[in-house]
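Secondary and tertiary structure notes
What follows is the residue order along each chain.
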Amino acid sequence: MRISKRVEKVAPSGIRVFFDLVLGMKDVISLGVGEPDFITPWGIREKAIYSLEQGYTSYTSNKGMIELRQEISSFLKKRFGLEYDPEEEILITVGSSEAFDLAARTLTNSGDKILVPEPSYVSYFPLFYLAGGSPHYLKTTIDNGFKLTPQQIDQACDKNTKVLVINYPANPTGASYTRKELLEFAKIAKKRDLIVVSDEVYDELTYDFNHTPFATLPGMKQKTVYLNGFSKSYAMTGFRVGYACGPKNIINHMNKIHQYTMLCASIIAQMAAIEALKNGSKSVLQMKKEYQRRREYIVGELNRIGLRVHKPEGAFYVFPSIRNTGYNSMDFALNLIKKRKVAVVPGTAFGPSGEGYIRMAYASSLDNLKEAILRISEFLKR
Amino acid sequence: MDEILEILESDARLSAEEIAKMVRKPVAKVKSLIKQYEKDGVILKYKTIINKELLHEDKNGVRALIEVKVTPQKDVGFDYLAERIYRFPEVASCYLLSGSYDLLLIIEGKDIHTVSSFVAEKLAPMENVRGTVTHFLLKKYKEDHQILKRKERTKRPAISF
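Criteria and cut-off values
- Residues numbered from 1 in each chain as written.
- Chains lettered and ligands numbered in written order.
- Predicted model: local features only at pLDDT ≥ 70, side-chain atom pairs only at ≥ 80, totals over all residues.
- Helix = DSSP H or I, 4+ residues; strand = E, 2+ residues; numbered from the N terminus.
- Rg over C-alpha atoms; globule rule 2.2 N^0.38 Å.
- Buried ≥ 20, exposed ≤ 12 C-beta atoms within 10 Å, placed from the backbone.
- Contact = placed C-beta atoms within 7 Å.
- Domains from an automatic or database assignment.
- Pairing = 2+ DSSP bridges.
- Nonpolar A, V, L, I, M, F, W, Y, C, P; charged D, E, K, R; others polar.
- Expected span 1.5 Å × (residues − 1).
- Arc of directions from axis to C-beta.
- Axes fitted to C-alpha atoms, helices over the stretch in contact; angles between N-to-C directions.
- Parallel < 35°, antiparallel > 145°, perpendicular 65-115°, else oblique.

**Thoughts on the overall build of chain A**
Helix and strand counts for chain A come out as 13 helices and 12 strands. Relative to the compact-globule value of 21 Å for 382 residues, chain A shows a C-alpha radius of gyration of 21 Å, a close match. The principal-axis extent of the C-alpha atoms belonging to chain A is close to 60 × 55 × 50 Å. In chain A, buried positions account for 51% of the 382 residues. A fraction of 74% describes how many contacts in chain A between residues 6 or more apart in sequence connect residues 24 or more apart.

**Some words on the domain arrangement of chain A**
All names here are of chain A. What the domain assignment reports for chain A is domain 1 (5-40 + 282-381) and domain 2 (42-279). The C-alpha-based centres of domain 1 and domain 2 are spaced at 24 Å. Counting residues at the interface gives 34 residues for domain 1 and 36 residues for domain 2. At the level of elements, α1 (5-9), α11 (281-304) and β9 (317-318) are the ones that each hand at least two residues to the side of domain 1 that touches domain 2. Considering every element that reaches the side of domain 1 that touches domain 2, the biggest residue donor is α11, with 7 residues.

**Looking at the domain arrangement of chain B**
By convention, interface size is frequently given as the accessible area that disappears when the constituent parts associate. When cut into domains, chain B gives domain 1 (3-40) and domain 2 (60-139). Taken over C-alpha atoms, the centre of domain 1 of chain B sits 36 Å from the centre of domain 2 of chain B.

**Quick look at the sheet that holds strand β12 (residues 358-361) of chain A**
Residue and element names in this part refer to chain A. Pairing in this open sheet of 3 strands is antiparallel, and the strands run β9-β12-β11 from one edge to the other. The open sheet has two free edges, formed respectively by β9 and β11 (345-346), since each of these has just one partner strand. Here β11 runs beside β12; their pairing, made up of 2 bridges, is antiparallel. Each bridged residue has a counterpart across the sheet, and for P346 the counterpart in β12 is I358.

**A short note on the interface of chain B and chain A**
The interface of chain B with chain A comprises 12 residues on the first partner and 19 residues on the second. At 3 residues, helix α2 (residues 16-23) of chain B tops the list of elements feeding residues into the side of chain B that touches chain A. Here the side of chain B that touches chain A is composed, by residue class, of 7 nonpolar, 2 polar and 3 charged.

**Topic: helix α9 (residues 248-261) of chain A**
All names here are of chain A. For α9, which comprises 14 residues, the first-to-last C-alpha distance of 20 Å matches the rise-based estimate of 20 Å (1.5 Å per residue) to within 8%. Of the residues making up α9, those classed as buried are I250, I251, M254, N255 and H258. Burial along α9 is one-sided: seen end-on, the buried residues are contained in an arc of 135 degrees. Every exposed residue of α9 that faces more than 90 degrees away from the buried side is listed here: N249 and Y260. For α9, the elements touching its buried residues are β2 (90-93), α5 (95-107), β7 (224-229) and β8 (242-245). Directly beyond the C-terminal end of α9, a positive phi value near 75 degrees is found at L263.

**Topic: the environment of K45(B)**
All names here are of chain B. Note on placement: K45 falls in the loop between α3 (27-40) and β1 (62-70). Residue class for K45 comes out exposed when judged on the 6 C-beta atoms lying within 10 Å of it. Separated by 14 residues in the primary sequence, K45 and K59 have C-alpha atoms spaced 25 Å apart.

**What about unusual backbone geometry?**
Residues and elements named next belong to chain A. Following E118, the chain continues to P119 via a peptide bond in cis, the omega torsion being -5 degrees. Structurally, P119 is set in the loop between β3 (113-118) and α6 (124-130). With an omega of 15 degrees, the peptide bond running from N171 to P172 counts as cis. Following the sequence through the fold, P172 ends up in the loop between β5 (161-167) and α8 (179-191). At F146, a residue that is not glycine, the phi angle is positive and equals roughly 60 degrees. Assignment of secondary structure puts F146 in the loop between β4 (134-139) and α7 (150-156). Look at F146 and you get buried, because 25 C-beta atoms sit within 10 Å.

**Quick word on the pairing of strand β4 (residues 129-136) of chain B**
All names here are of chain B. The element β4 is barely covered by neighbouring structure, given that only 0 of its 8 residues are classed as buried. Here β1 pairs with β4 via 7 bridges, running antiparallel. For I66, the partnering residue across the bridge sits in β4 and is T134.

**Description of the packing of α11(A) against α2(B)**
The geometry of a pair of packed helices is captured by two quantities: the angle between their axes and the separation between those axes. As a packed pair, α11(A) and α2(B) sit with axes 6 Å apart at the nearest point and diverge in direction by 105 degrees. Between α11(A) and α2(B), the angle falls in the class roughly perpendicular. Along its contact with α11(A), which presents R293(A), E296(A), Y297(A), G300(A) and E301(A), the element α2(B) presents K21(B), M22(B) and V23(B). When grouped by side-chain class, the residues that make up the contact of α11(A) with α2(B) number 3 nonpolar, 1 polar and 4 charged.

**With respect to the sheet that holds β3(A)**
All names here are of chain A. A sheet is described by the order of its strands in space; here 7 strands give the open sequence β2-β8-β7-β6-β5-β3-β4, paired in mixed fashion. The open sheet is flanked by β2 and β4, the only strands paired with a single partner. Each strand axis lies, on average, 20 degrees off the axis of its neighbour in the sheet, ignoring direction. Taken together, the 6 bridges between β3 and β4 define a ladder with parallel strand orientation. Looking across to β4, one finds that I114 is bridged to P135.

The structure is reproduced here in structure tokens:
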């Protein structure tokens, strides 16, 4: 059978074996999870149950319920001074992952060069590749706190470069950018006429400074596809609901693909999302506070047991270097799970330059973190 | 509220060393702050919440909520009478409320008889107590933000991106 060449070329996740191993094991302490350890706040769950009881079981408008788009619009305006027209500039998607795919397919022509930071979330590179583009990794390391530099972006641009992907706070590194740093990126975007796809799903989990949406920078709203969702801020991963905001033209084209593939996001999830925006802010703050304490704890402890770590500015991940242990990322993770039953994700899952690192999620109870650190320190002593 | 207190309120077993790591303060500083809170009476006690329903013991005793109407007194208002009442060891909690009655008590006793006789012999006859209504507690679902159920296991897969 002939499979599409592009699909065939997309590397199957090299760490599948590792995943299968972990999922088959019992009594594992897992720091390998890319989602909150909180359950969705009750008020939001209750709203979803109520919606079902009331018979909300239909399709919605392709773009998503207008009530939800209005809520998002007024939330973004209040929170960041960011204005999007709920009728034309907001699209509700099945998680921000779908929104990313739609953006990739809408923006890419064959051969377009796409700049993607690395290490980065697993789907960025393959989705732009599948859309026909030529994604190009911009490598970051622990030495500069896993941050892109404006020079690096500028130097990577040629006449075919069309899109810059940014994600902050970042999965897997936790790195984020201040307004000042982002302004430098905006200059390059302007100079090189780039469209910026900005994945900001972890925005509410920014600890050391205020989060600045890229689209709020002068001149950037027209050049940015802003992606966000409810999964991380409101612990709603399983609801699968996110959104894209951007210039009317881009959103309308994205909506065409969306209507032929997804049709619409689940109405129950959309109802729950409305509730999250209306009444969820207190829960968000509580969760953030808890993550922040765990961040302090785990960064301190990793330093203590001798793993070099950059203190993340946001999200709920740390990305320590394991170079001085003599293992590569995969062997470190494999041996750690086999010998001490602690699950972490090998850095190489997030691109080749993730070699020498592991991703640990601190979206786990303090008791779990304590036990994990103890086991890792024993593992390191051998 | 100070972050140290927030942390202790949710888990009193955490050591000063562990708290220090979470709030990025020196251990000695955290220790002295906790000492001071204890001295000032801000921290009164460290205790464990036990879900006695799960013990299946017959001798858990009974609890009752008692509404008490009282006549406030000159100069001391409700406080004097409240103190005379709450000093009884049978009184687990005592609140002054707005509304149709004044004090709300939570009384603990080994059986219904003990509670009733406390009300009949100690509480009701007190001077300035104008009336009482006793509600026996049948089942506890949630107390102090704690849902009285076994903790749910996480439903997350152990690995995801």
